[in-house]
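# Working through the structure, step by step
These are the residues of each chain, in order.
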Amino acid sequence: MNKKKFHLAGEVALLIVLLINSLGVDLMSKSGFGISTISSVPLVFNIAFPVFSFGTWNYIFQTLLVITLMILKRSFCPGYLFSFIVGIGFGKMIDVHNAWIQALPNSLPLHTIYFLAGFLLVCFGICLANNCMLPIIPTDIFPRDLSGIVKKNYKIVKTTFDLTCLTTTVVLSLAILHGFYGIGIGTVFCAFLTGKTVSAIQSFLGKHVEFYRATGKKRVALEKNMRHA
C-alpha cells in the first residue's frame, strides 16, 4: 500500500540546513571529542591565524572547494555562485551559535550528548542539502557533485573526502602548530561514519519525503536524487 509522502519545499530545507549544520558543527566543537572532519581544516587555520574567525575560515575553505569542482568539470558553473552566498551564511551562523553554545554546562555525559546531537544534526542537514534542488553549502556540494563526476556511490566519495580532510588536518596541525588541534576520537568517528549515516537517513526519508521547488515546478523523490546504493 502506497503511503502519502510529506512534501517539503527545497527553499525551506535549505534554510533548515543553514541553521542545523552550523549548530551541529559548534556542538561537536563544544564536546571536546574532536570537530567534524570537514570543519577540522578551517579550525586549524583559525587556531594558527586567529585574525579571521572560525566561520570566516570556513567559507574561505568552501570557496576553494567550489573552485576545485569547476576545475574538475572544466567549466564555469553559474549555479555555484549562489553557493558562495550560502557558504558565507553558513560561516556567519557558526559564529552566531558559537556565541551562546560556550555558555552550556560542561561534564563528560553532557559532552557526549553534544557530540552525538551535533553529528546527527550534520548528517541530517547533509541529506536535506543534497536533495533541496538549490545551490547548497560548498562542503556539501563537493562530495555530491564529485560522486557524479567520478561516477562512484556517494557514501564512498563522502568517506574518501572526509578521510582526506582528516589527513590534511593532521599534516597542517603538525606542520603549523606542532601538535594535534581539533582532532579527537570524534573526528575519526566522523571520517568513517558520516557517509554511511547520511546514506541511512537518505534511505529512511526517501520513503516518506518528496521535495519540490516553491519558486519552480521541479519535484523529486528523495531516493532517486543521489547515488546512495
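Each value, and the rule that gives it
- Residues numbered from 1 in each chain as written.
- Predicted model: local features only at pLDDT ≥ 70, side-chain atom pairs only at ≥ 80, totals over all residues.
- Heavy atoms only, no water.
- Salt bridge = Lys/Arg side-chain N within 4 Å of Asp/Glu carboxyl O.
- Helix = DSSP H or I, 4+ residues; strand = E, 2+ residues; numbered from the N terminus.
- Buried < 20%, exposed > 50% of the residue type's maximum accessible area, 1.4 Å probe, protein only.
- Contact = heavy atoms within 4.5 Å.
- pLDDT = per-residue confidence, 0-100.

In the annotation of an unreviewed UniProt entry, the protein chain is listed under the name YitT family protein and assigned to Coprococcus comes.

## Observations concerning the pattern of salt bridges
Taken as a whole and judged by the stated rule, the model has four salt bridges. Residue E11 pairs with R213 through a salt bridge whose shortest N-O separation is 3.4 Å. Taken together, the residues E11 in helix α1 (residues 10-31) and R213 in the loop between β2 (209-212) and β3 (219-221) connect sequence positions 202 residues apart. Relative accessible area serves as the criterion here: at 23%, E11 is assigned to the partly exposed category. A single network of salt bridges, built from pairs that share partners, joins K73, R144 and D145.

## Structural notes on the environment of L104
Turning to its location among the elements, L104 is positioned in the loop between α4 (79-101) and α5 (108-131). Taking the relative accessible area as the measure of exposure, L104 reaches 22% and is therefore partly exposed. L104 sits 74 residues away from K30 along the chain, and the two C-alpha atoms are 8.7 Å apart. Among residues more than four places away in sequence, those in contact with L104 are L27, K30 and Y114.

## Structural notes on the confidence of the model for the protein chain
Looking at the protein chain as a whole, the pLDDT averages 83, with 92% of positions reaching at least 70. Per-element confidence in the protein chain ranges from a low mean pLDDT of 49 for β3 to a high of 92 for α5. Confidence drops under a pLDDT of 50 for residues 220-229, and excluding neighbours within four residues, the segment shows 36 contacts in the predicted structure.

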